[in-house]
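# Fold and geometry: a report
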Amino acid sequence: MPKESDESSKEEQSKIDKDGKENTVEPSEEMIRKRIRRNTPSPHRLTPQSSPSRFVSVEELMETAKGVTNLALAHEIVMDSGFQVKPYEPEEGSLEKQVKEIMHRAFWDCLESQLKEDPPSYSHAVTLVGEIKETLLSFLLPGQSRLRGQIEETLDLSLIQQEAENEALDISKVARFIIDMMGTFCAPCRDEDIRQLRKISDIVPLFKSIFAVLDKMKIDMANFAVSSLRPHLLQQSVEYERKKFHEFLEKQPNALDFTKKWLQDTADYATSGEMEGGATSTTISTQLHNLAYLRLLKWDHEAESFPETLLLDQCRFQEMQQELEQLALVASILLIVYNSAGEAISGLPGLSERLKKTIKILLAEMHTLSFKADETFAAVAEKLCLELRGCLSQHGFSPFPSDRENTLKGQIVAAKSADNPIRKVIDSRIQMYLLGFLESSTNRSAPALPGGLTPISKELEEIAVKLERLVTFNKLVYSPFYQKIIQDILKQGEGLDV
């Protein structure tokens, strides 16, 4: 029912969705707690010594859950410039949707039958007007006292009820006032909806449409509030997130275990030769930390527990990881094609973009369970060779001999393997570029693009900017925790060298 629409939008605001990829916020601490403690440490696992866990009351847990939920919501608003509240709608064919449709149909049927009585009964209509009045009042700003007075006076429920009982109620007049008020409050994008409302003369369809437009207006107002809040929240969010995580850490003393392991494993992985010679401890600490962030773009999310300090951004890292894997394949295949065709296609305008688009379309489902690598890469090889045939013919070149074309197809299919030499080279260059981007963020000079990455330069730079923004914010929030962990790791390394 209309009231349910309000509740459903509130419910959605608590679940808010990403990427597309709409943004999704964890609704409770329990979800985050499960992700943090997904793998219970075995008795054989070496864990840092910590003070014993103290008793936590139910009230403290509830307050912490509320804090984590608020933390997740604030983080999404700050990190995602396109963050928006979306209306909640049950899945098509679900029991929830069926029940909702039945209830709504029953209500509107009841309203229609009441209005057809002689004399008409307005009990349901008055209820609807009351709900509409509450919604209109919720749109008001503190200083809009004149509009508040108009709404209170015209939609005086006791007066409307008296008019209904005395058969003097003009429900159409009430509806016109409501539409006028909606026109005053609505965003410009809803002007057409308001115009359509004015064309409806039957009361039941009119009220149904009014509630539908009001639901849209609620979402518009929520998103306006989000955009208004973002600049202020951005200034406060670093301290806010750090404070909330510190409170969570007090409830869970071992809540940095996976973060420590992530940084320790990175230090073990990074040999002394990979660090710049003669660097200061601060430089080494920065290099180590940046390298640790890059490792998150190669993370095995099924087998390894994600660092606790980055759980709110785990989905973002997964998305970037998948995008980079696809880009690495695109660049690898294009490098194979251009090396094989040579001068015949070098410099032809638009060809590289056409081939890239074809590859990306065919590899769009590469991270789904239904993806069949052998079939897909065979299709990629066939499609690209067909494109090359047409291109060579169009520019007066002889087509490839069948044996050369078959060799090219075999090279393209071989690129599906993660151990493929060309793919490994491209992947290494992508990592080098991203690391250079992170290290150059202090002086704002973008690193040079390594060879073979030109076809994906635009997409790669977009990911690098997204990664740099995410890393910078994460460092600002959790720098006190990271500094101590990295200092302990470096000291431990110095002790071993002695």
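Now for a look at the structure at hand. Fair warning: this is a prediction, and the values are worked out from it, not measured in the lab.

### Here's the deal with the overall build of the chain
The secondary structure content of the chain amounts to 18 helices and one strand. Expressed as a percentage of the 498 residues in the chain, the buried residues total 43%. Counting only carbon and sulfur atoms, one obtains 54% of the accessible surface of the chain, whose full area is about 27100 Å².

### Quick look at a nonpolar patch on the surface
A surface patch of nonpolar side chains, about 300 Å² in accessible area, is lined by Leu95, Val99 and Met103. Within the secondary structure, Met103 sits in helix H4 (residues 95–115).

### Thoughts on the packing of helix H8 (residues 171–185) against helix H9 (residues 191–198)
For the pair H8 and H9, interaxial distance at closest approach is 10 Å and the crossing angle is 170 degrees. Here H8 lies roughly antiparallel to H9, going by the angle between them. Residue-level inspection shows Ile179, Asp180, Met182 and Gly183 of H8 in contact with H9, the latter providing Ile194, Leu197 and Arg198.

### A closer look at the pattern of salt bridges
With the rule as written, the count across this model stands at 24 salt bridges. Between Lys261 and Asp265 there is a salt bridge, and its shortest N-O distance comes to 2.8 Å. In this pair, Lys261 and Asp265 are both assigned in helix H11 (residues 257–269), four residues apart and thus about one turn of the helix distant. Among the ionic pairs, Arg354 bridges to Glu387, the shortest N-O distance being 3.0 Å. Of this pair, Arg354 sits in helix H14 (residues 351–362) while Glu387 sits in helix H15 (residues 373–394), and the two are 33 residues apart along the sequence. Judged by relative accessible area, which is 23%, Glu387 ranks as partly exposed. Because the salt bridges share partners, they merge into one network encompassing Arg190, Asp193, Lys216 and Asp220.

### Overview of unusual backbone geometry
For the bond from Asp118 to Pro119, the omega torsion is 0 degrees, close enough to zero to count as cis. Checked against the element boundaries, Pro119 lands in the loop between H4 and helix H5 (123–138).

### Considering the packing of aromatic side chains
As enumerated under the stated definition, the model contains 13 aromatic pairs in all. The interplanar angle of 70 degrees and the centroid separation of 6.0 Å between the aromatic rings of Trp262 and Tyr482 together place this pair among those described as edge-to-face. Pair noted here: Trp262 is in helix H11 and Tyr482 is in helix H18 (residues 457–497), with a separation of 220 residues, a long-range link. Grouped by ring-pair contacts, the aromatic residues Phe245, Phe248, Trp262, Tyr293, Tyr478, Phe481 and Tyr482 constitute a single cluster. The ring of Phe400 carries the charged tip of Arg404 above its face, separated from the ring centre by 4.2 Å.

### A look at H5
Along its 16 residues, H5 runs 23 Å from first to last C-alpha, staying within 8% of the 22 Å computed at 1.5 Å per residue. Among the residues of H5, those classed as buried are Ala125, Val126, Leu128, Val129, Gly130, Glu131, Ile132, Lys133, Thr135, Leu136 and Leu137.

Criteria and cut-off values
- Residues numbered from 1 in each chain as written.
- Predicted model: local features only at pLDDT ≥ 70, side-chain atom pairs only at ≥ 80, totals over all residues.
- Heavy atoms only, no water.
- Helix = DSSP H or I, 4+ residues; strand = E, 2+ residues; numbered from the N terminus.
- Buried < 20%, exposed > 50% of the residue type's maximum accessible area, 1.4 Å probe, protein only.
- Areas by Shrake-Rupley, 256 points an atom, 1.4 Å probe, with all protein chains shown as cover.
- Patch = residues over 30% accessible without salt bridge, like charges linked within 9 Å, V, L, I, M, F, W, Y side chains within 5 Å.
- Salt bridge = Lys/Arg side-chain N within 4 Å of Asp/Glu carboxyl O.
- Axes fitted to C-alpha atoms, helices over the stretch in contact; angles between N-to-C directions.
- Parallel < 35°, antiparallel > 145°, perpendicular 65-115°, else oblique.
- Contact = heavy atoms within 4.5 Å.
- Phe/Tyr/Trp six-rings, centres within 6.5 Å; stacked < 30°, edge-to-face > 60°.
- Lys NZ or Arg CZ within 6 Å of the ring centre and 35° of its normal.
- Expected span 1.5 Å × (residues − 1).

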